[in-house]
Amino acid sequence: MLRALALAGGLLGAAVVSQFPEFTQQYTQRLAGQVEALGIVIADFDASARKAEMTREEALASMGGSVFLENRRRDMRQTIDRHDRLSDDLTALRTATPLERLTMPQRVADTKLARATFDDFRPALPLTLEGGISALAGYAAGWAALSALLALLLWPFRRGKARAGLTF
């Protein structure tokens, strides 16, 4: 019975973790779109600054004097920071092999983008090497986690039966 439950845990882990390569591939596509869209906003802001014969920082510094302009300056700084952060993640994900992406869950860190990707994500059959390796890792993790949980839950009962000379 315990082995059957551990097998079920392993299979569940394999099914879940095997989807990570496909999820990161779809996330990378959405990430590229976000970086491009943010780049357009920043390029437009920079063009307006150049027309006023200002640098980006000078243009940002000049945005003040009203609540609206203060809010717009803060929003623009956040947009620039997000663009930089997402660009770094995109570069890392694009230059990594699919197997290397397995070690980069921290690069799938933008919660808005990850949620949007997850909302549209549909599981795929892992027919690639990285999908197979992910499935194997998930199986091992699921089997180990469920086996450890069951061992912990059954430990008090094993001690009592061991004293009575009984074993599983």
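Residues numbered from 1 in each chain as written. Predicted model: local features only at pLDDT ≥ 70, side-chain atom pairs only at ≥ 80, totals over all residues. Heavy atoms only, no water.

J.: Honestly, the packing of aromatic side chains in this entry has me stumped. Any pointers?
T.: Each aromatic ring pair is specified by the distance between its two centres and by the angle formed by the two planes. All told, the structure shown has two aromatic pairs when counted by the stated rule. Consider the rings of F23 and F121, whose centres lie 5.6 Å apart with planes at 75 degrees: the pair is edge-to-face. Here F23, found in helix α2 (residues 20-51), pairs with F121, found in the loop between α6 (111-120) and α7 (129-163); they are 98 residues apart in sequence, far enough to count as distant. In this pair, the class of F23 matches that of F121, namely buried. Cluster of aromatic residues (ring-pair linked, three or more members): F23, Y27 and F121. (Phe/Tyr/Trp six-rings, centres within 6.5 Å; stacked < 30°, edge-to-face > 60°. Helix = DSSP H or I, 4+ residues; strand = E, 2+ residues; numbered from the N terminus. Buried < 20%, exposed > 50% of the residue type's maximum accessible area, 1.4 Å probe, protein only.)

J.: How should the side chain of R101 be read in this particular structure?
T.: Relative to the helices and strands, R101 resides in helix α5 (residues 98-101). For R101, a relative accessible area of 14% corresponds to the buried category. In this structure the side chain of R101 is engaged in a polar contact, spanning 3.1 Å, whose partner is the backbone oxygen of L93. Leave out the neighbours within four places in its chain, and R101 touches F20, T24, Q25, L93 and A96. (Polar contact = N/O pair within 3.5 Å; in protein donor to acceptor, adjacent residues only side chain to side chain. Contact = heavy atoms within 4.5 Å.)

J.: What is the right way to look at the nonpolar core in this model?
T.: In globular proteins that are soluble, nonpolar side chains generally tend to be buried together. If you look at the biggest cluster of nonpolar residues, it comprises 15 residues, and the most contacted ones within it are F23, Y27, L31, V35, L86, L90 and L93. Within the residue set of this core, elements represented by two or more residues are α2, α4 (67-95) and α6. It is α2 that contributes the most residues to this core, six residues altogether. Counting residues in hydrophobic clusters, the runner-up holds eight residues, among them F45, A59, L60 and I80. (Core = buried A, V, L, I, M, F, W, Y, C linked by side-chain atoms within 4.5 Å.)

J.: Which parts of the structure should I look at to understand the packing of α2 against α4?
T.: Helix-helix packing is described using two parameters, namely the angle between the two axes and the distance between the axes. Packing of α2 against α4 leaves a shortest axis separation of 9 Å and a crossing angle of 140 degrees. Between α2 and α4 lies a crossing whose hand is left-handed. Here Y27, T28, L31, A32, Q34, V35, L38, G39, V41, I42 and F45 of α2 come into contact with α4, specifically with M76, T79, I80, R82, H83, L86, S87, D89, L90, L93 and R94. When the residues that make up the contact of α2 with α4 are grouped by side-chain class, the tally is 13 nonpolar, six polar and three charged. (Axes fitted to C-alpha atoms, helices over the stretch in contact; angles between N-to-C directions. Left-handed = near helix turned anticlockwise from the far one by under 90°. Nonpolar A, V, L, I, M, F, W, Y, C, P; charged D, E, K, R; others polar.)

J.: Explanation requested: the environment of A6 in the structure shown.
T.: By secondary structure assignment, the location of A6 is in helix α1 (residues 2-17). Along the primary structure A6 and A140 are separated by 134 residues, whereas in three dimensions their C-alpha atoms are 9.8 Å apart. In this structure A6 touches W143, L146 and S147, once residues within four positions along its chain are discounted.

J.: Help me understand the environment of V41 in this model?
T.: Inspection of the secondary structure assignment puts V41 in helix α2. Sequence spacing of V41 and T97 is 56 residues, and the spatial spacing of their C-alpha atoms is 30 Å. The contacts of V41, once residues within four sequence positions are left out, are M76 and T79.

J.: Hey, could you run me through the packing of α2 against α6 in this one?
T.: It is at 10 Å that the axes of α2 and α6 come closest, and there the two elements cross at 125 degrees. If you check the angle between α2 and α6, you find them oblique. Judged by the twist between their axes, the crossing of α2 over α6 is right-handed. Each of F23, Q26, Y27, R30, L31 and Q34 in α2 lies in contact with α6, whose residues at this interface are L113, A114, A116, T117, F118 and D120. Counted by class, the contact of α2 with α6 contains seven nonpolar, three polar and two charged residues. (Parallel < 35°, antiparallel > 145°, perpendicular 65-115°, else oblique.)

Such coordinate-based values are descriptive only and should not be taken to indicate function.
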